[in-house]
Amino acid sequence: MPAAAFLSRMKIVVLTGAGISAESGVPTFRGSDGLWEGHRVEDVASPEGFARDSQLVHEFYNGRRRKVQEVEPNAAHHALAKLGRARGVDLTLVTQNIDDLHERAGSHEVLHMHGELLKARCKECGVVVPCREDLSRASICPACRGIDCMRPHVVWFGEMPFGLDEISAAISSADQFVAIGTSGRVYPAASFVTWARHSGVPTLELNLEESAASGVFHESRRGRAGELVPAWVEGVISAAKDLS
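Residues numbered from 1 in each chain as written. Predicted model: local features only at pLDDT ≥ 70, side-chain atom pairs only at ≥ 80, totals over all residues. Heavy atoms only, no water.

- Taking an unreviewed UniProt entry as the reference, the chain is identified by name as NAD-dependent protein deacylase belonging to Luteolibacter flavescens.
- Turning to the chain, the UniProt record has this under Sequence similarities (unreviewed entry): "Belongs to the sirtuin family. Class III subfamily."
- Listed in UniProt under the heading Function (unreviewed entry), the comment for the chain reads: "NAD-dependent lysine deacetylase and desuccinylase that specifically removes acetyl and succinyl groups on target proteins. Modulates the activities of several proteins which are inactive in their acylated form." (UniProt positions renumbered as here; feature names shortened; annotations may be inferred.)

Here is the structure:
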């Protein structure tokens, strides 16, 4: 679809994945052998693993939490924040990432479908609170005062991602769907491009290399997110100015 066709409304849904944060130095944690820092995914990223050994899970995420706070947003994060501020743009920013780099770059109302590493949730009362420090079995819920009930506010394997109804509604009414730095292998996020195409929404992939879903997109561009995303954002903003 020509740029003018969708820019007249400027309803854009962007999905970001690990590739955008990797350029800031956020480790992917999963190795080529499928292990997460030497652990089976079932042991450190599942409700069953947490029930078996909550301290192991806490130690794993404590390490991730510390590392995330050591890195900074990159040009791609900042470009998306700029797009969100642009006049006439209705941006829905969805991320598979559990870091806070979008927010630190200036984006607001980011939909973290897999949760947020810098938050904790009580498995007893359900309260969600900011969390920048280590968690342990001794951590106390600030709401119900329960002990050994706080967990990372992240979506584990076997759990339902957050905001799927909102995401589906946004995609079905969008003028463009864009995926940035995604592998195309993690569901249901990998199916978003199919949702978009079924709704007649133009789709664009910005990725370092071919993904498992590249063939489904109307257009794919290859390169670093820190270069591709700012260029795409400037093109959208420039076209929007021409239409105003």
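**Re the overall build of the chain**
- When helices and strands are tallied, the chain shows 10 helices and nine strands.
- Its C-alpha radius of gyration of 19 Å places the chain within 12% of the 18 Å reference for a compact globule of 244 residues.
- Reported as C-alpha extents along the three principal axes, the dimensions of the chain are approximately 60 × 40 × 35 Å.
- Sorting the 244 residues of the chain into buried and exposed places 51% on the buried side.
- Excluding contacts between residues fewer than 6 apart, the proportion of contacts in the chain whose partners are at least 24 apart in sequence is 65%. (Helix = DSSP H or I, 4+ residues; strand = E, 2+ residues; numbered from the N terminus. Rg over C-alpha atoms; globule rule 2.2 N^0.38 Å. Buried < 20%, exposed > 50% of the residue type's maximum accessible area, 1.4 Å probe, protein only. Contact = heavy atoms within 4.5 Å.)

**Topic: the sheet that holds strand β9 (residues 219–222)**
- One open sheet holds the six strands; their spatial order is β3-β2-β1-β7-β8-β9, and the pairing between them is parallel. Each end of this open sheet is capped by a strand with a single partner; those strands are β3 (111–112) and β9.
- The sheet contact formed by strand β7 (residues 176–180) and strand β8 (residues 203–207) spans four bridges and is parallel. Considered in β8, the bridge of F177 is made with T203. (Pairing = 2+ DSSP bridges.)

**Concerning the UniProt feature "active site" (unreviewed entry) in the chain**
- The positions that UniProt labels "active site" (unreviewed entry) are, in the present scheme, H114.
- Within the secondary structure, H114 sits in the loop between β3 and β4 (115–122).
- Setting aside chain neighbours within four positions, we find H114 in contact with T95, Q96, I98, V154, V155, P161 and V186.

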